Amino acid sequence: GAGVSQSPSNKVTEKGKDVELRCDPISGHTALYWYRQSLGQGLEFLIYFQGNSAPDKSGLPSDRFSAERTGGSVSTLTIQRTQQEDSAVYLCASSLIAGAGDTQYFGPGTRLTVL
Amino acid sequence: TQLLEQSPQFLSIQEGENLTVYCNSSSVFSSLQWYRQEPGEGPVLLVTVVTGGEVKKLKRLTFQFGDARKDSSLHITAAQPGDTGLYLCAGPEMFAGTASKLTFGTGTRLQVTL
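Residues numbered from 1 in each chain as written. Chains lettered and ligands numbered in written order. Predicted model: local features only at pLDDT ≥ 70, side-chain atom pairs only at ≥ 80, totals over all residues. Heavy atoms only, no water.

## Quick look at the confidence of the model for chain B
Selection rule: The pLDDT value tells you how sure the predictor is about a given residue, anywhere from 0 up to 100. Only runs of H or I of at least four residues qualify as helices and only runs of E of at least two qualify as strands under DSSP, and these elements are numbered from the N terminus.
A residue-level look at chain B finds 94% of positions with pLDDT of 70 or above and a mean pLDDT of 92. Model confidence for chain B, summarised as mean pLDDT per element, is weakest for strand β10 (residues 98–104) of chain B at 77 and strongest for strand β3 (residues 19–24) of chain B at 98.

## Some details on the packing of aromatic side chains
The test is simple: Two rings belonging to Phe, Tyr or Trp (six-membered ring only in the last case) form a pair when the distance between their centres is within 6.5 Å. Interplanar angles under 30 degrees mark stacking, angles over 60 mark edge-to-face geometry, and anything in between is tilted. Burial classification: accessible surface area is computed with a 1.4 Å probe over protein chains only, and a residue below 20% of its type maximum counts as buried, one above 50% as exposed, and the rest as partly exposed.
Applying the stated criterion across every chain, the model contains nine aromatic pairs over all chains. Each ring, one from Y33 of chain A and one from Y35 of chain A, has its centre 6.4 Å from the other, and the planes form 25°; the classification is stacked. For the ring pair Y33 of chain A and Y48 of chain A, a centre distance of 5.5 Å and an interplane angle of 20° mean the geometry is stacked. Of this pair, Y33 of chain A sits in strand β4 (residues 31–38) while Y48 of chain A sits in strand β5 (residues 42–50); the two residues are 15 residues apart in sequence, bridging distant segments of the chain. The exposure class of Y33 of chain A is buried, given its relative accessible area of 1%. You can call Y48 of chain A buried: its relative accessible area is 4%. Ring pairs connect the aromatic residues Y33, Y35, F45, Y48 and F106 of chain A together with Y35 and F104 of chain B, which therefore count as one cluster.

## Some points on the environment of E17 of chain B
Residue and element names in this part refer to chain B. We apply this condition: We call two residues in contact when some of their heavy atoms are within 4.5 Å.
With respect to the secondary-structure elements, E17 resides in the loop between β2 (10–14) and β3. Sequence separation of E17 and L102 is 85 residues, and the distance between their C-alpha atoms is 31 Å. Once you skip the residues sitting within four places of it in the chain, E17 turns out to touch I76, T77, A78 and A79.

## Points about the sheet that holds strand β3 (residues 19–24) of chain A
Residues and elements named next belong to chain A. For clarity, the threshold we go by: Strand pairing is assigned whenever DSSP identifies at least 2 bridges connecting the two strands. Between N-to-C directions, angles cover 0 to 180 degrees, with each direction set by a line fitted to C-alpha atoms, over the stretch in contact for helices.
Spatial strand order, β1-β3-β8-β7: four strands in an open sheet with antiparallel pairing. Across the chains shown, the open sheet's two edge strands, defined by having one partner strand only, are β1 (5–7) and β7 (65–69). With strand direction ignored, the average angle separating the axes of adjacent strands in the sheet is 15°. Relative to β3, β1 runs antiparallel, the two sharing three bridges. Residue pairing for β3: S7 is matched across the bridge by R22.

Below you can see the structure in the form of structure tokens.
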């Protein structure tokens, strides 16, 4: 079956512009996670959804970052007024349920470059 | 926030050599996972260890969870070029009784040459 897909695969934008990153989880997976991977910081958690609600937003680095999930499926991560330090690979993962024993399946990521 | 330190950061070896990657924390984890990530792709789960002292084998890869559940190791026997990649350990952090996120280790980049 289809895995987690993300779009676009690459995004180059100018500083100050807004960007939207999309994640399509595996069908039937109720939990969805966003992570960011950068050279200096490694792989860090941003936000997680259970259904359409986000119980844990603790990893969002600033109020320029927001995310939503609709219909318990597709999620969008929005970064407003992008800064150069936002350049990174943004990874999405989904799991059947949110739990310590459940496997998270990752998408290929969106590489964001802010000029 | 719980931290996971991996060592070494980089490892370049020749085909056929053995290697061990370490993942250490000062915190106790309910379980630890190991992932491998190749360029342009997301991490792929290799194994989950749950019980202190547990040893799991996946072909030439041997994973061990420390008795105190604060550390783990990955040993590769007779490495092959196909083992090249970024190896990440990760542990779940709880939020409101649910494992809401994974804390990832700092990563070990392995290159195996012919």
